[in-house]
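# Breakdown of the fold
Listed below, chain by chain, are the residues.
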Amino acid sequence: MNKGVKLTLKRRTFLQSLAGTLAAVPVAAKPSAMDWQAAAESVRAEMAWAWRNYVERAFGHDQIKPVSGGAEEFFFPNGPGLGLSMVEALDTLYLMGLDAELESAVSWITRNLRFDIDDYIQVFETNIRMVGGLLSGWMATKDKRLLDLAHDLATRLMPAFTKSPTGMPYRFVNLRTGAVRDPVSFPAEIGSYIPEFGTLGKAVGDTRFFDAAKAASKGCFDRRSKLDLIPDTIDIETGQWKSRRATIGPPSDSYYEYLWGGWFLFGDGDLKKWFEIFTAAALQHQAVRVGGRLWFAQVDYETGELRDHHQSELAAFYAGLLAKAGHMAHARDYLESWAVVQAKYRVLPEGFDFRTFAFERATNELRPEFADSCSALFFADRSDHWRELGRVHFENMKATSRAPYGYASIADITTGPMKQSDSCPGYWWAEQMKYYWLMFSGTKRFDYDRHYLSTEGKVLLGLK
Ligand code: DMJ
């Protein structure tokens, strides 16, 4: 059994626990007509309902299929399942005071989750989802078995770094043998390790994790152009760029996020400098105004020439990153641009042309980035405006994505009703449900003044 959660439950009755999760911190700067506690309870009720469905129909599998009630795996299509959704959910359950659910998740994980698997796994996704989830789960419960699992898993990822001639990791590693494959990679997949590896390294007293993660990020930084831009594709064996397209969106996005994160968590001055250099370059060369609205375009990394007007939904995270780093004017402007898209379509399209708003992809994979930025701006200035945008996001998601057995991605946002697809990505459990809850609830279990959430929404600092 999970000692950490048991101890937590012993200290509090259920009612104390419930009261303790709500209405503790005055998060709004001024009074508001909105009943935020009711909004928070609605989020919590949806989480508890979705969790019950996952337990009944997909427990231990990576993901529930919310339309049919089946299950599917994310990492290894033919199994084994790694209980991804429950690893993703750990700290969200804790923050919501869903302690019995948390206890059952920890119990399954500690009994069943083992990583001695003779198969290749994607290093980036494994880190942000599984290593990060186990670490924040450990912080929430104090159950050292979760830390041990994170340690074992991250150790199995390490050959992706140590076998690379440049220090930038291979994309896939065999968990049992340490064999590596796929040398053509992307900044996000190369540089999204510092918060998890640094946190783990501190906990187990091993600096090799942080050092490998930082060296990987440096690999991209050192290859920047004279404009301080990097393209989005590279061969990590030769160190040669394989594209000229610089973007703050995918597949580069969390590279920038983690430079800031590494600085914030560990006070590493190099990471701060690299982040500031790249942010100045993005604001100078990629920021574009159309009708007064701010967007971030793709440009040639050496000339700065505009390449296209595509805006990926995933780029919405950048408003939050700008806010965290203190660029509030740009952060506000960029999130307001996204608010216009939300008002127009209810659910953000995966991709569109920012001049015309024409769809490039009319799907939405149950994306959290808009809610992520709403929460980041709300934490920064406590304005109800941002959490109201987040509340609308939540209500729209409820109206369009709620399926018989959980929350579903949208296959087509242009149909009425919107066409759902039979999939619920793991990040749904880690990201938007947590962002809504934190914005609306004022839970005592979170430090609203000093915290760090990873790119996958894992709280690596600030759980109380
Ligand atoms: C999440 O897995 C992470 O936020 C990642 O960095 C990119 N976006 C997805 C969800 O859209």
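Residues numbered from 1 in each chain as written. Predicted model: local features only at pLDDT ≥ 70, side-chain atom pairs only at ≥ 80, totals over all residues. Heavy atoms only, no water.

The next thing to look at is unusual backbone geometry. Residue Pro 250 is joined to Pro 251 through a cis peptide bond whose omega torsion reads 5°. Of note, Pro 251 is situated in the loop between strand E9 (245–246) and helix H12 (253–266). The amide bond that connects Gly 416 to the next residue, Pro 417, takes the cis arrangement and shows omega of -5°. One can find Pro 417 in the loop between strand E19 (410–412) and strand E20 (419–420). Backbone geometry places Lys 142, a non-glycine residue, at a positive phi of 65°. By secondary structure assignment, the location of Lys 142 is in the loop between helix H6 (123–141) and helix H7 (144–157). (Helix = DSSP H or I, 4+ residues; strand = E, 2+ residues; numbered from the N terminus.)

Further remarks concern the side chain of Arg 171. Following the sequence through the fold, Arg 171 ends up in the loop between helix H8 (159–162) and strand E4 (172–174). Once residues lying within four places of it in the same chain are set aside, the contact partners of Arg 171 are Ile 121, Gln 122, Val 123, Arg 181, Asp 182, Val 184, Ser 185, Phe 186 and Glu 189. (Contact = heavy atoms within 4.5 Å.)

What follows covers the sheet that holds strand E16 (residues 359–361). In spatial order, the strands read E14-E15-E16; together these three strands make up an open sheet with antiparallel pairing. Where the open sheet ends on each side, the last strands, each with one partner, are strand E14 (310–312) and E16. Between one strand axis and the next, the sheet turns by 25° as a mean value, whatever way the strands run. Bridge count between E14 and strand E15 (residues 351–353): three bridges; the pairing is antiparallel. Within the sheet, the bridge partner assigned to His 310 lies in E15 and is Asp 353. Here helix H15 (residues 328–345) sits on the sheet and contacts E14, E15 and E16; the angle it forms with E14, its principal contact strand, is near 85°. (Pairing = 2+ DSSP bridges. Axes fitted to C-alpha atoms, helices over the stretch in contact; angles between N-to-C directions.)

Taken over all residues, the pLDDT of the protein has a mean of 94, while the share at 70 or more is 93%. Taking the mean pLDDT of every element in the protein, the minimum, 36, falls on helix H1 (residues 3–11) and the maximum, 99, on E4. (pLDDT = per-residue confidence, 0-100.)

Once that is clear, we can look at the nonpolar core. Core analysis: the largest hydrophobic core is formed by 146 residues, its most contacted members being Ile 109, Leu 113, Tyr 334, Trp 338 and Trp 428. The residues touching Leu 113, leaving out its near neighbours within four places in the chain, are Leu 82, Val 87, Trp 108, Met 130, Leu 134 and Leu 149. (Core = buried A, V, L, I, M, F, W, Y, C linked by side-chain atoms within 4.5 Å. Buried < 20%, exposed > 50% of the residue type's maximum accessible area, 1.4 Å probe, protein only.)

Where H15 contacts helix H16 (residues 369–381), the two axes come as close as 11 Å, and the packing angle between them is 140°. Classified by the angle between their axes, H15 and H16 sit oblique to one another. For the crossing formed where H15 meets H16, the hand is left-handed. On H16, the residues touching Met 328, Ala 331, Arg 332, Leu 335, Trp 338, Ala 339 and Gln 342 of H15 are Phe 370, Ser 373, Cys 374, Leu 377, Ala 380 and Asp 381. For the contact of H15 with H16, a count of residues per class yields nine nonpolar, two polar and two charged. (Parallel < 35°, antiparallel > 145°, perpendicular 65-115°, else oblique. Left-handed = near helix turned anticlockwise from the far one by under 90°. Nonpolar A, V, L, I, M, F, W, Y, C, P; charged D, E, K, R; others polar.)

On to the packing of aromatic side chains. Evaluated as defined, the whole model comprises 42 aromatic pairs. Geometrically, the ring pair formed by Trp 295 and Phe 354 is stacked, given 6.1 Å between the ring centres and 15° between the ring planes. With Trp 295 in strand E11 (residues 293–296) and Phe 354 in the loop between E15 and E16, this residue pair connects regions lying 59 residues apart in the sequence. For the pair shown, Trp 295 and Phe 354 are each scored as buried. Of the aromatic side chains, those joined through ring pairs into one cluster are Trp 295, Phe 296, Phe 317, Tyr 318, Tyr 334, Trp 338, Phe 352, Phe 354 and Phe 357. (Phe/Tyr/Trp six-rings, centres within 6.5 Å; stacked < 30°, edge-to-face > 60°.)

Moving on to the packing of H16 against helix H19 (residues 432–441). The geometry of H16 relative to H19 is characterised by a closest axis approach of 9 Å and an angle of 30° between their N-to-C directions. On the basis of their axis angle, the class for H16 and H19 is roughly parallel. With respect to the hand of their crossing, H16 and H19 are arranged in left-handed fashion. Touching Ala 371, Asp 372, Cys 374, Ser 375, Phe 378 and Phe 379 of H16 are Gln 432, Tyr 435, Tyr 436, Leu 438 and Met 439, all from H19. When its residues are assigned to classes, the contact of H16 with H19 shows eight nonpolar, two polar and one charged.

This brings us to the sheet that holds E9. With antiparallel pairing, the three strands of this open sheet are ordered in space as E9-E12-E13. Two strands close off the open sheet at either side, each with one partner strand: E9 and strand E13 (306–308). As defined by bridge partners, E9 adjoins strand E12 (residues 298–300) across two bridges and the pair is classed as antiparallel. Bridge assignment links Arg 245 to a residue of E12, and that residue is Asp 300.

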